[in-house]
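Here's the letter readout for the chains.
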Amino acid sequence: MKTFINHYKSISRFTFQEGKIIENPGITEPEYETILDPRTMRRMSKILKMGLYTSMSVLENNSGTIDGIICGTALGCTSDTYSFLKNMIERNEQLLTPTPFIQSTHNTLAGTLGILLKNHGYNITWSNRNFSFFDAFEDSILQLERGNGTSFLLTTADEMPDIVNEIINHINLEIPVKLQGEGSVSFTLSSSICPTSIEVIDYKVISTEHIDDYLKDLNEEAHIINTHPTFRLKPAANHHNILTLAWSMIDDAFGLEAGCHMTEYLAQKFGRRPLILCLSGDRYQASVITIKKV
Amino acid sequence: MIRQRVVATGMGIISALGNGVEANRDALIHNRHGISDISVLPTQQSGILPAGEIKLTNHRLQSLSGLTSGNIPRTILLSAIAIKEALEQSKPEIKNTDLYYATTVGGISLSEDLIAQHLKSQEPDYDGFIYHDCGAGTAILANHFSLKGRRYAISTACSSSANSIGRSALDIIHGKCRYAIAGGGDALCRFTLNGFNSLMILDKQLCSPMDQNRRGLNLGEGAAFLVLESESNALERGAEILAYVSGFGNANDSHHQTASSDDGIGAQLAMKKALESAALSPDEISYINAHGTGTLNNDKSEGLAVQSIFDTVPPIASTKSFTGHTLAASGSVEAVFSILAIQNNEIYPTLRFKNPIEGLLFSTFSSTRQHEVHHVLSNSFGFGGNCSSLIFSKK
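Residues numbered from 1 in each chain as written. Chains lettered and ligands numbered in written order. Predicted model: local features only at pLDDT ≥ 70, side-chain atom pairs only at ≥ 80, totals over all residues. Heavy atoms only, no water.

> What exactly am I supposed to notice about the overall build of chain A here?
Looking only at helices and strands, chain A features nine helices and twelve strands. Taken over the C-alpha trace, chain A has a radius of gyration of 19 Å; the compact-globule value for 294 residues is 19 Å, and the two agree within 12%. With the C-alpha coordinates of chain A rotated into their principal frame, the extents come out at 65 × 45 × 35 Å. Across the 294 residues in chain A, those meeting the buried criterion constitute 63%. Of the contacts made within chain A by residues no fewer than 6 positions apart, 73% connect residues no fewer than 24 positions apart. As displayed, chain A has an accessible area near 11600 Å², and 49% of this comes from carbon and sulfur atoms. When the 25 positive and 34 negative side-chain charges of chain A are each reduced to one mean point, those points stand 3 Å apart. (Helix = DSSP H or I, 4+ residues; strand = E, 2+ residues; numbered from the N terminus. Rg over C-alpha atoms; globule rule 2.2 N^0.38 Å. Buried < 20%, exposed > 50% of the residue type's maximum accessible area, 1.4 Å probe, protein only. Contact = heavy atoms within 4.5 Å. Areas by Shrake-Rupley, 256 points an atom, 1.4 Å probe, with all protein chains shown as cover. Lys, Arg positive; Asp, Glu negative; His and termini not counted. Charge placed at Lys NZ, Arg CZ, Asp CG, Glu CD.)

> Would you take a moment to explain the overall build of chain B for this structure?
Counting its regular elements, chain B contains twelve helices and 15 strands. In terms of principal-axis extent, the alpha carbons of chain B reach across some 60 × 50 × 40 Å. Looking at chain B as a whole, 68% of its 395 residues are labelled buried. Residue pairs in contact within chain B that sit at least 24 positions apart in sequence constitute 76% of those at least 6 positions apart. Here chain B has roughly 12600 Å² of accessible surface; of this, 50% comes from carbon and sulfur atoms.

> Can you help me understand the side chain of threonine 263 of chain A in this one?
Mapped onto the elements of the fold, threonine 263 of chain A is located in helix 9 (residues 251-270). Discounting chain neighbours no more than four positions away, the residues touching threonine 263 of chain A are Ile198, Pro274, Ile276, Ile291, Lys292 and Lys293 of chain A.

> What should I look at first to understand the interface of chain A and chain B in this one?
Interface size is commonly expressed as the accessible surface area that is lost when the partners come together. Contact with chain A, which involves 57 residues of that partner, is made by 64 residues of chain B. On the chain A side of the interface with chain B, the three residues burying the most area are Glu93, His120 and Arg146 of chain A, jointly 14% of the side's total. At the junction of chain A with chain B, the criterion picks out seven salt bridges. Residues arginine 167 of chain B and glutamate 138 of chain A are paired through a salt bridge, measuring 3.4 Å at the closest nitrogen-oxygen approach. Across the contact surface, chain A and chain B share 29 residue pairs in polar contact (both at pLDDT 80 or more). Elements supplying a minimum of two residues to the side of chain A that touches chain B: helix 3 (78-90), helix 4 (99-102), helix 5 (108-116), strand 5 (122-126), helix 6 (132-145) and helix 7 (162-170) of chain A. (Buried area = accessible area lost by both parts, 1.4 Å probe. Salt bridge = Lys/Arg side-chain N within 4 Å of Asp/Glu carboxyl O. Polar contact = N/O pair within 3.5 Å; in protein donor to acceptor, adjacent residues only side chain to side chain.)

> Teacher, can you tell me more about the environment of threonine 244 of chain A here?
Mapped onto the fold, threonine 244 of chain A is located in strand 10 (residues 242-244). The residues touching threonine 244 of chain A, leaving out its near neighbours within four places in the chain, are Asn226 and Arg232 of chain A.

> Looking at this structure, how should I read the pattern of salt bridges?
Pairs can form between side chains of opposite charge whenever their charged atoms are close. Scanning all chains against the criterion turns up 33 salt bridges over all chains. One salt bridge in this structure joins glutamate 199 of chain A and lysine 2 of chain A, with 4.0 Å as the shortest N-O distance. In this pair, glutamate 199 of chain A is assigned in strand 8 (residues 198-207) and lysine 2 of chain A in the segment before strand 1 (3-11), connecting sequence segments 197 residues apart. Classification of glutamate 199 of chain A as buried rests on a relative accessible area of 16%. Across the salt bridge formed by glutamate 229 of chain B and arginine 237 of chain B, the nearest N and O atoms sit 2.7 Å from each other. Taking the relative accessible area as the measure of exposure, glutamate 229 of chain B reaches 0% and is therefore buried. You can call arginine 237 of chain B partly exposed: its relative accessible area is 30%. Connected through salt bridges with shared partners, the residues Asp135, Glu138, Asp139 and Arg146 of chain A together with Arg150, Arg167, Asp171 and Lys176 of chain B form a single ionic network.

> Explain the side chain of aspartate 251 of chain A here, please?
With respect to the helices and strands, aspartate 251 of chain A occurs in helix 9. Overall, the relative accessible area of 0% leaves aspartate 251 of chain A in the buried class.

> Sorry, what's going on with the packing of helix 3 of chain A against helix 7 (residues 190-198) of chain B here?
To characterise two packed helices, one gives the angle between the axes of the helices and the distance between these axes. Contact geometry of helix 3 of chain A with helix 7 of chain B gives a least axis separation of 11 Å together with a crossing angle of 85 degrees. Considering their axes alone, helix 3 of chain A and helix 7 of chain B lie roughly perpendicular with respect to each other. Along its contact with helix 3 of chain A, which presents Thr81, Phe84, Leu85 and Met88 of chain A, the element helix 7 of chain B presents Arg190, Phe191, Asn194, Gly195 and Ser198 of chain B. (Axes fitted to C-alpha atoms, helices over the stretch in contact; angles between N-to-C directions. Parallel < 35°, antiparallel > 145°, perpendicular 65-115°, else oblique.)

> Would you explain the domain arrangement of chain B in this entry?
Residue and element names in this part refer to chain B. What the domain assignment lists for chain B is domain 1 (6-237) and domain 2 (248-393). For domain 1 and domain 2, the distance between their C-alpha centroids amounts to 20 Å. Of the residues lining the interface, 63 residues belong to domain 1; the matching set on domain 2 comes to 62 residues. Run the count over domain 1 and domain 2 and you get two salt bridges. (Domains from an automatic or database assignment.)

> Please clarify how helix 10 (residues 296-309) of chain B should be interpreted in this entry.
Since one α-helical turn is 3.6 residues long, residues separated by three or four positions face the same way. Its 14 residues give helix 10 of chain B an end-to-end C-alpha distance of 21 Å, which sits within 8% of 20 Å, the value for a rise of 1.5 Å per residue. Among the structural elements, helix 9 (265-278), strand 10 (287-289), strand 11 (316-317) and strand 14 (375-381) of chain B are those in contact with the buried residues of helix 10 of chain B. (Expected span 1.5 Å × (residues − 1).)

> Can you walk me through the pairing of strand 8 (residues 222-230) of chain B in this structure?
Along a regular strand, successive side chains alternate from one face of the sheet to the other. All names here are of chain B. Of all the nine residues making up strand 8, nine are buried; the element is thus mostly covered by neighbouring parts of the structure. Here strand 1 (residues 6-15) runs beside strand 8; their pairing, made up of nine bridges, is antiparallel. Its bridge partner being in strand 8, glycine 10 is matched across the sheet by valine 227. Direction of pairing for strand 6 (residues 179-186) relative to strand 8: antiparallel, over a ladder of eight bridges. Each bridged residue has a counterpart across the sheet, and for glycine 184 the counterpart in strand 8 is alanine 224. (Pairing = 2+ DSSP bridges.)

> Which parts of the structure should I look at to understand the domain arrangement of chain A?
Residues and elements named next belong to chain A. When the domains of chain A are assigned, the result is domain 1 (3-190) and domain 2 (200-293). Summarising the inter-unit geometry, the C-alpha centres of domain 1 and domain 2 are found 23 Å apart. Tallying the contact residues gives 41 residues for domain 1 and 36 residues for domain 2. Summing the contributions of domain 1 and of domain 2, the shared interface buries around 3300 Å²; its carbon and sulfur component is 73%. Glutamate 18 is paired through a salt bridge with lysine 269; the nearest N and O atoms lie 3.5 Å apart. Applying the counting criterion to the domain 1 and domain 2 interface returns six residue pairs in polar contact (both at pLDDT 80 or more). Elements with a contribution of two residues or more to the side of domain 1 that touches domain 2: strand 1, strand 2 (14-17), strand 3 (20-23), helix 6, strand 6 (151-158) and strand 7 (183-190). Sorting elements by how many residues they give to the side of domain 1 that touches domain 2 places helix 6 first, with seven residues.

> Explain helix 6 (residues 160-173) of chain B here, please?
All names here are of chain B. Here helix 6 is 14 residues long and its end C-alpha atoms lie 20 Å apart, about the 20 Å a rise of 1.5 Å per residue gives. Counting buried residues in helix 6 gives 13 out of 14 residues, a clear majority hidden from the surface. Following helix 6 by one or two positions, glycine 175 has its phi on the positive side, about 70 degrees.

> How should the nonpolar core be read in this particular structure?
Where a protein is soluble and globular, its nonpolar side chains tend to be buried together. Ile5, Phe137 and Phe187 of chain A together with Leu228 of chain B are the most contacted members of the largest nonpolar core, which has 85 residues in total. Those residues within four positions of phenylalanine 187 of chain A in sequence are excluded, and the remaining contacts are Ile5, His7, Tyr8, Val58, Phe133, Phe152, Leu153, Leu154, Ala253, Leu256, Glu257 and Cys260 of chain A. (Core = buried A, V, L, I, M, F, W, Y, C linked by side-chain atoms within 4.5 Å.)

> Sorry if this is basic, but what is going on with the packing of aromatic side chains here?
For any pair of aromatic rings, geometry is given as the distance between the ring centres together with the angle between the planes. All names here are of chain B. Under the defined criterion, the tally for this structure stands at 18 aromatic pairs over all chains. Ring geometry for tyrosine 100 versus tyrosine 152: centroids 4.8 Å apart, planes at 20 degrees, classification stacked. Highlighted residues: tyrosine 100 in strand 4 (residues 97-102) and tyrosine 152 in strand 5 (residues 151-154), separated in sequence by 52 residues. Exposure class is identical for tyrosine 100 and tyrosine 152. Each is buried. (Phe/Tyr/Trp six-rings, centres within 6.5 Å; stacked < 30°, edge-to-face > 60°.)

Following this line, the structure appears as C-alpha cells:
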C-alpha cells in the first residue's frame with residue numbers, strides 16, 4: 001500500500017526560497033487569529049497556539065476528514081509546567097490555580113486537537129527526544145498500513161521558554177541543543193492520492209555508524225537533508241545535493257517539511273522528481289525518511 | 001498470513017503494595033492496601049493527602065535497580081526495578097528486544113527541586129535537567145539493559161502504559177517486533193500531587209472508588225512492565241506463557257482536557273475497539289479492571305460507558321483502592337493484576353466499597369474472591385480525553 005503526504009505546514013526558523021533552505025535566527029509567529037478563534041487561544045501557551053495553527057492550516061484545504069491525531073513533542077508543554085511549578089514553589093504548595101497544571105501534560109496538544117476537531121479516533125502523543133517526530137511519523141504510516149483509517153493528522157511541536165534556555169545554558173551537553181529549536185510542523189498522511197501528494201517511499205531506523213553504508217548505493221540524483229546531530233555527510237561525488245541543517249529536537253520534522261518543499265520545487269521548476277532522504281536521529285540510531293514527488 | 005497471537009512471558013512490578021509480582025499478589029489476596037501518609041517525598045501535603053507511596057528512598061531504589069551513578073529520577077529507578085524482574089522471568093534475546101516505555105511525570109521530580117533552587121538563586125545541579133523529558137527514561141533504560149532494538153516513549157497521561165502495551169502487541173502481530181518490553185512508570189512528586197490537589201479531585205481520606213460516597217482519588221506511584229512476544233516464538237523457545245494480550249482499543253473522548261464526558265463516549269469507543277480487535281463479545285469478559293479513579297466524574301462516566309457496552313456487567317472493580325492512581329504506570333500495573341487474575345482464577349476488589357453509585361445498574365465488591373477468569377478487560381483513561389482499553393486472555 002502506498003502512503004502520501006498530502007498537506008504540510010510549519011512554523012519554523014527555516015524558510016524555503018528558490019530551492020534553498022534559509023536558516024533564520026528564530027521563528028516568526030504567524031497571525032494566529034487568521035485561523036484560530038481568539039477565545040480558543042485565551043490562556044494558551046505558545047506550543048499549543050503553534051501546534052493548533054499548523055494543524056488547522058493543513059486541514060483547512062483538506063476536504064476529507066481525518067481518522068486520528070498523532071502528535072510528537074520532545075519537551076512538551078514547558079511553559080505551563082514552569083508556570084505551575086513557580087506558583088507551587090512561591091506559594092509553598094498552597095492555593096494553586098489549576099489551569100497551567102491542566103495544560104502541562106505532554107498530550108495537551110493532541111487532546112485539544114481532539115476537542116476542536118471533534119475527533120473520537122486514535123489519539124496519541126510520542127515524547128522521545130530526537131525520535132519524538134519520527135515515532136509519530138512511523139505511527140501515522142503504521143495506522144494507514146494496518147487499515148485503521150485512510151487519513152491522519154501528524155503534528156509535532158516544541159517550545160523553548162526563557163526558563164528552559166536559562167537552565168540549558170548551565171548544562172554541559174554532549175550534543176548542544178539548539179535553543180531556537182522551537183516551532184511546529186503538521187502533515188496530513190493519507191492512503192489516497194491528491195494533486196499535492198508526495199509519496200513516502202521508505203522510512204526506517206538504522207544504526208548511526210552505518211549511515212555511510214546506507215547512502216553508498218543511492219543514485220546520484222538523490223537529495224539528502226541532514227538534521228542528524230552528529231553525522232556529517234562527506235561531500236562525495238555521488239552526493240552532490242547535500243543540505244545540512246543545524247540541529248534541535250524538532251529539526252527532523254523541519255527537515256521533512258523542507259524536503260516536501262524541495263521535491264515540489266524540483267518538480268515544478270525542472271520537471272525532476274528525485275528521491276529526497278531526510279536523515280536525523282541520535283548518536284546511536286538514525287532515522288531516514290525517503291520521499292518523492294508523485 | 002497467519003495472525004500471530006501475542007503472549008506475555010514476563011512481568012515485573014513495584015508499587016505501594018510491594019516490590020515484585022509476588023508481594024503485589026500477596027497484598028491483593030489479603031485485601032491489604034498500600035495507601036498511607038506521605039513520608040518519603042518532602043511535601044507540605046504530608047499528613048494531609050494520603051498516597052500510595054513506595055516506602056523506599058531514592059538511595060535504596062538506586063541499589064535495587066543497579067542505576068547507582070548520577071542522580072537518576074525516581075520514575076526511572078522504579079521502572080528499572082520492574083523491567084529487571086520481567087526480564088529475569090522471560091529471558092528474551094536482548095538484542096532483539098524493543099522498549100515501549102511510558103511516563104508522564106518523567107524527571108519532573110528532579111526538575112521541581114532544581115527550579116526551586118534556581119528561583120532562589122542557589123546553584124542547583126543543572127545537569128539533572130537532562131533527565132527532565134520522557135525520552136530520558138527510554139534512553140537510560142535501553143542503555144542500562146543493553147537493548148539494541150527500537151526504543152519508544154509514549155506520553156498520553158494516565159493511559160500512557162496501556163498504549164505502550166497495545167502498540168507493542170500490534171507490532172508483534174505485524175511481525176515488526178520480536179520481543180517487547182512494554183509498560184510504564186511514574187513517581188510521586190510535588191508537581192502532580194499539588195496539580196491534582198488544585199483540581200480538587202484528591203481524597204483526604206482513603207479513596208472509595210465506584211462508591212456513591214466517593215470523594216476523589218489518592219495518587220500513587222509505581223512501575224510495571226511486561227515482556228511480550230508472539231505465541232509461536234514463545235512455544236518454540238519453551239517460554240512459559242502467562243497470558244495472552246488479545247485486544248486493544250484507543251479512542252478520544254473529545255470533550256474536555258481533564259473531565260470525562262457524561263456518557264463516556266471515549267471510554268465506550270475504546271472498550272468497543274478492544275472487544276472487536278479481540279473478536280470477543282461483551283458476555284465473554286469475565287472481569288473488568290476499571291479505570292475507577294474515585295472521582296465523582298470518572299466513576300459515573302465510566303460506569304455509564306460500561307453499561308452501554310455490557311448488557312450484563314461482569315464483576316468489575318478498581319484496584320486503585322489498593323495502589324492509588326499511579327498515573328502513566330496504571331495501565332501496566334493493572335495489566336499485571338489482570339494477568340494475575342487469569343493465572344489464579346481470582347478477582348481483585350474495590351476496597352472499602354459500601355454503596356452502589358446511584359443511576360448505575362451494577363455495583364462492585366469489596367474483597368478478593370475466587371472466580372473463573374478467561375478474559376479481563378482493563379481500562380485506562382487520561383487527561384486530554386485519551387481512553388485506552390486492553391484485553392488479556394487465558395489460552
